[in-house]
Amino acid sequence: MTEVTQEKFCQNCRRKLNFEEKPCSNCGSVAAMIKVHIKETTNIRMSLELKHKRNGFKRPLKEIIQGWFQNIITKDKEFGVDKVRIIDREKDEYHEVVRDLKTNELIRDKHEPLSHHKI
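Overview of the structure.

What counts and what doesn't
Residues numbered from 1 in each chain as written. Predicted model: local features only at pLDDT ≥ 70, side-chain atom pairs only at ≥ 80, totals over all residues. Heavy atoms only, no water. Helix = DSSP H or I, 4+ residues; strand = E, 2+ residues; numbered from the N terminus. Polar contact = N/O pair within 3.5 Å; in protein donor to acceptor, adjacent residues only side chain to side chain. Contact = heavy atoms within 4.5 Å. Buried < 20%, exposed > 50% of the residue type's maximum accessible area, 1.4 Å probe, protein only. Lys, Arg positive; Asp, Glu negative; His and termini not counted. Salt bridge = Lys/Arg side-chain N within 4 Å of Asp/Glu carboxyl O. Phe/Tyr/Trp six-rings, centres within 6.5 Å; stacked < 30°, edge-to-face > 60°. Lys NZ or Arg CZ within 6 Å of the ring centre and 35° of its normal. Pairing = 2+ DSSP bridges. Axes fitted to C-alpha atoms, helices over the stretch in contact; angles between N-to-C directions.

1. Digging into the side chain of H117
For step 1, the next point in the chain: Tracing the sequence through the fold places H117 in the segment after β8 (106-113).
For step 2, the next point in the chain: At 2.7 Å, the side chain of H117 forms a polar contact with the side chain of E112.
For step 3, the next point in the chain: Once you skip the residues sitting within four places of it in the chain, H117 turns out to touch Y94, R108 and E112.

In structure tokens form, the structure reads like this:
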């Protein structure tokens with residue numbers, strides 16, 4: 001996000017002026033300078049996916065997904081969602097918490113045995 005602000009000053013006496021003010025009311029000078037301030041804000045987004053695999057099995061024993069993802073419902077690319085998903089086949093557990101980053105609204109909060117989970 002970029003924020004730009006401007007200020008006008010008398011070049012002679014350095015007094016802050018309105019943009020409509022032509023001669024300085026303090027010293028009468030018509031020479032002015034304009035200061036431009038530019039503020040740039042960036043967001044760093046990170047996602048993490050871990051899988052604990054076992055030899056001889058196609059599916060991993062444990063999967064952990066955590067971080068920023070695009071909101072698949074609203075297609076919001078600017079804010080997206082914060083997602084934590086843990087699938088533990090050894091303990092038969094499924095946990096998923098999804099929170100909208102724009103409104104901080106809880107979209108999904110699911111904790112159940114993996115054997116009962118349906119996509």
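So, next bit.
2. Some remarks on the side chain of E112
For step 1, the next point in the chain: Position of E112 among the secondary structure elements: in strand β8.
For step 2, the next point in the chain: Although E112 is buried, it forms no salt bridge, and the closest oppositely charged side chain is K110 at an N-O distance of 4.1 Å.
For step 3, the next point in the chain: Beyond its immediate stretch of four places on either side in the chain, E112 contacts D92, E93, Y94, H117 and K118.

3. Considering the packing of aromatic side chains
Geometrically, a pair of aromatic rings is defined through the distance of the ring centres and the angle of the planes.
For step 1, the next point in the chain: Inspection of every chain in the model, using the stated rule, returns zero aromatic pairs.
For step 2, the next point in the chain: A cation over an aromatic ring shows up here: K35 above the ring of F9, its NZ or CZ 5.1 Å from the ring centre.
For step 3, the next point in the chain: Between the NZ or CZ atom of R54 and the centre of the ring of F57, over which it lies, the distance is 4.1 Å.

4. A word on the sheet that holds strand β6 (residues 81-88)
For step 1, the next point in the chain: Strands sit in the order β4-β5-β6-β7-β8 across an open sheet of five strands; the sheet is antiparallel. One side of each edge strand has no neighbouring strand; the edge strands of this open sheet are β4 (47-52) and β8. Ignoring which end each strand starts from, the neighbouring axes of this sheet average 5° apart.
For step 2, the next point in the chain: Direction of pairing for β6 relative to strand β7 (residues 93-100): antiparallel, over a ladder of eight bridges. In the sheet register, V81 faces β7, and the bridge partner there is D100.

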